[in-house]
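# A look at the structure
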Number of protein chains: 2
Amino acid sequence: MRQIQSLARGLKILDMLANAHDSISITAVATELQIDKGSASLLLQTLSNYGFAEKDMATRQYRLGPAVVRLSRSLLTKMPLRETAKPFLHQLVRETSECAHLGVLAQGKVLYIDQVESPETLRVNAEVGFTAPLHCTALGKVLLAWGAASIPEELSGYTARTIFDPEVLQMDLEKTRRRGYALDDEEFDYGVRCIASPVFDYRGKVVGALGISGPAARVRLDRIGELSDRVVAIAKALSDKMSFK
Amino acid sequence: MRQIQSLARGLKILDMLANAHDSISITAVATELQIDKGSASLLLQTLSNYGFAEKDMATRQYRLGPAVVRLSRSLLTKMPLRETAKPFLHQLVRETSECAHLGVLAQGKVLYIDQVESPETLRVNAEVGFTAPLHCTALGKVLLAWGAASIPEELSGYTARTIFDPEVLQMDLEKTRRRGYALDDEEFDYGVRCIASPVFDYRGKVVGALGISGPAARVRLDRIGELSDRVVAIAKALSDKMSFK
DNA sequence: ACTTATTGTTGTATATAGTACAACGATTTA
DNA sequence: TAAATCGTTGTACTATATACAACAATAAGT
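Criteria and thresholds
- Counting from 1, residues in each chain are numbered in the order their sequence is written.
- The lettering of chains begins at A and the numbering of ligands begins at 1, in the order of writing.
- Whole-chain, interface and lining totals are the exception, using all residues; otherwise, since this is a predicted model, local features are given only for residues with pLDDT of at least 70 and side-chain atom pairs are given and counted only at 80 or more.
- By convention in this description, side-chain values take in all heavy atoms of the structure and omit both hydrogens and water.
- Throughout, a contact is declared for two residues whenever any of their heavy atoms are within 4.5 Å.
- Buried area is calculated as the accessible area (1.4 Å probe) missing from two parts once they are joined, with the contributions of both summed.
- For this document, the term salt bridge refers to a Lys or Arg side-chain nitrogen within 4 Å of an Asp or Glu carboxyl oxygen.
- Under this definition, polar contacts are N or O atom pairs within 3.5 Å; protein pairs additionally need one hydrogen-donor-capable and one acceptor-capable atom, and for neighbouring residues in sequence, both atoms have to be side-chain atoms.
- Basically, the charged four are Asp, Glu, Lys and Arg, the nonpolar ten are Ala, Val, Leu, Ile, Met, Phe, Trp, Tyr, Cys and Pro, and anything else, Gly included, counts as polar.
- When the copies are overlaid, the least-squares fit takes in C-alpha atoms only where the residue has pLDDT of at least 70 in both copies.
- DSSP-based pairing: two strands are paired if at least 2 bridges between them are found.
- A helix here means a DSSP run of H or I that spans at least four residues, while a strand means a run of E at least two residues long, and both kinds are numbered starting from the N terminus.
- Note that the domain bounds were set by an automatic or database domain assignment.
- Being near a molecule or strand, for a residue, comes down to having at least one heavy atom within 4 Å of it.

The next subject is the interface of chain A and chain B. Contacts between the two partners involve 54 residues from chain A, matched on the other side by 54 residues from chain B. The junction of chain A with chain B conceals about 5,000 Å² of combined surface from both sides, 62% of it contributed by carbon and sulfur atoms. It is Tyr50(A), Arg70(A) and Arg73(A) that lose the most area in chain A upon contact with chain B, and together they represent 13% of the buried surface on that side. At the boundary of chain A with chain B, the tally comes to 2 salt bridges. Here Arg70(B) and Asp15(A) are joined by a salt bridge, their closest N and O atoms 3.7 Å apart. Counting the contacts that link chain A with chain B gives 15 residue pairs in polar contact (both at pLDDT 80 or more). Taken together, the residues that form the side of chain A that touches chain B break down as 26 nonpolar, 17 polar and 11 charged.

Following this line, the structure appears as structure tokens:
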């Protein structure tokens, strides 16, 4: 596959800047990506000129620039799934009193593209733009179970309940497909349970996943049946609406 | 100023994709940016490989990819101004019943980095990531009046009330500085009035603007005094909090 | 359905543009 | 004050991006 090296390097730098906790130095970029210090300097200058990076004049370090926010808005406002799903997310929150999420597949991970906060919890910090692994989240399992993605070779662990065995995961996915919803039972975050169901387009292809998440104390195992009924029903309603579009 | 050409081209393509209403073709990119068709193809392939662009296999056209959403989230969650301002935005909505916005300077424009919707209006579609010109928005005028940016040479018109004369604008900015808040009286959108006030950091430098906006029928001219009092007071309170950080 | 026109992709040769190296000035650390 | 580290900017060099052209695949037109 042919690539443009310098562009690829620039994009890798953007990724670095996104993953860094605070601003990072030229040399940090150069050593991390194994490129020349001078080259890194030029690349970051170019990114700055277009607003994708920003230079902190005090520390002479770089961070992400405001241009990326513009791009993100442009993408999100143009997603038909997001627009259509909005009222369904609200409905889900009303009916379950839990936080509702909408996710799609993006580069082998779940990308949270919308969220409606529960009235109970003040702030659940899984904002729009958050990405999580597929094998240990309800939204991700949905994408796996209905064939939007295939099981990744590396199943990293997050909690004691995280499924790291591919065969066990395969069984879990089959169960998921049979019952129509996926369950994340504290497999990604301690104390958090999530339930999710697939959203299909007019051809019957999975285009996203819709779900709720809440503290394990409230999303008790004996309530899963009742809650999953709501999730499945609303995901189904959304799918129907997506088909008539 | 030295630049990396191919990276610059890639970033320009991202900008094009953001501004386009729907997906665009390789040739459209090539003609717009005056580059070779083959080069454009390679650039877009590279952007795709890193998730910054996405190819619609059916139409063979490209649109923005999900990676930009991740980047945006990374930037927004790391902005101290945004975190600090959140409760003040809510307070502003509570006290005025209008939609509250938080903006910063980005590439010679105002970038809306946060928003709290009014309980009255169902959906004001100025979401996070929206950019607007400085000279005809309340947030923008604040940034101009307190020296975050200088008056652009091109003052494009949006409504009949848009100020396009630099001298008139200069006078408006002086008035703004004197009274402590900026007013956008249907200068950007017909039927919309906005009031905004500056947010300073610990050195007294403007780092952003805080304001409200609502329908002209509700934000009447005889209520400006009362409303601007709230905006000025809360922006002041936010500035104080920013200083103690 | 056939032709015609347009599109996207992939070779290949050239020369441009990105890279490495080094030296400088500016900061920060000791 | 000295030493070390960092970012920037020159300058060769060669690697790489580019233009051109040919091809395949789709779309449009007759």
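At an RMSD of 0.0 Å, chain A and chain B line up after a rotation of 180 degrees and a shift of 0.0 Å along the axis. Overall, the copies show the geometry of a two-fold rotation axis. Proximity to the rotation axis, assessed at the C-alpha, singles out Leu7(A) in chain A; its C-alpha lies 2.2 Å from the axis. Comparing contact sets, 100% of the residues at the interface of chain A also lie at the interface in chain B, consistent with an isologous, same-surface contact.

Moving on: the sheet that holds strand E5 (residues 131-132) of chain A. Residue and element names in this part refer to chain A. What the 6 strands build is an open sheet, ordered E5-E4-E3-E8-E7-E6; its pairing is antiparallel. For this open sheet the edge positions go to E5 and strand E6 (182-185), each flanked by a neighbour on one side alone. One ladder, built from 9 bridges, connects strand E7 (residues 192-200) with strand E8 (residues 206-215); its direction is antiparallel. Paired with Val199 across the two strands is Gly208, which belongs to E8.

Okay, the domain arrangement of chain A next. According to the domain assignment, chain A contains domain 1 (5-68) and domain 2 (79-243). Its C-alpha centre places domain 1 of chain A at a distance of 34 Å from the equivalent point of domain 2 of chain A.

Turning to the protein's contact with DNA strand D, a few remarks are in order. For DNA strand D, the set of nearby residues contains 21 residues, the closest of which are Gln5(A), Ser41(A), Lys55(A), Arg9(B) and Asp36(B). Here, DNA strand D places atoms within 4 Å of the protein, and 72% of those atoms are sugar or phosphate. A distance of 3.4 Å separates a base nitrogen of DNA strand D from a polar atom in the side chain of Lys37(A). Within the side chain of Gln5(B), a nitrogen or oxygen atom sits 3.5 Å from a phosphate oxygen of DNA strand D. Put simply, the parts of the chain that give the surface near DNA strand D at least two residues each are helix H1 (5-19), helix H2 (26-33) and helix H3 (37-49) of chain A together with helix H1 (5-19) of chain B. Residues belonging to the surface near DNA strand D are distributed by class as follows: 3 nonpolar, 10 polar and 8 charged.

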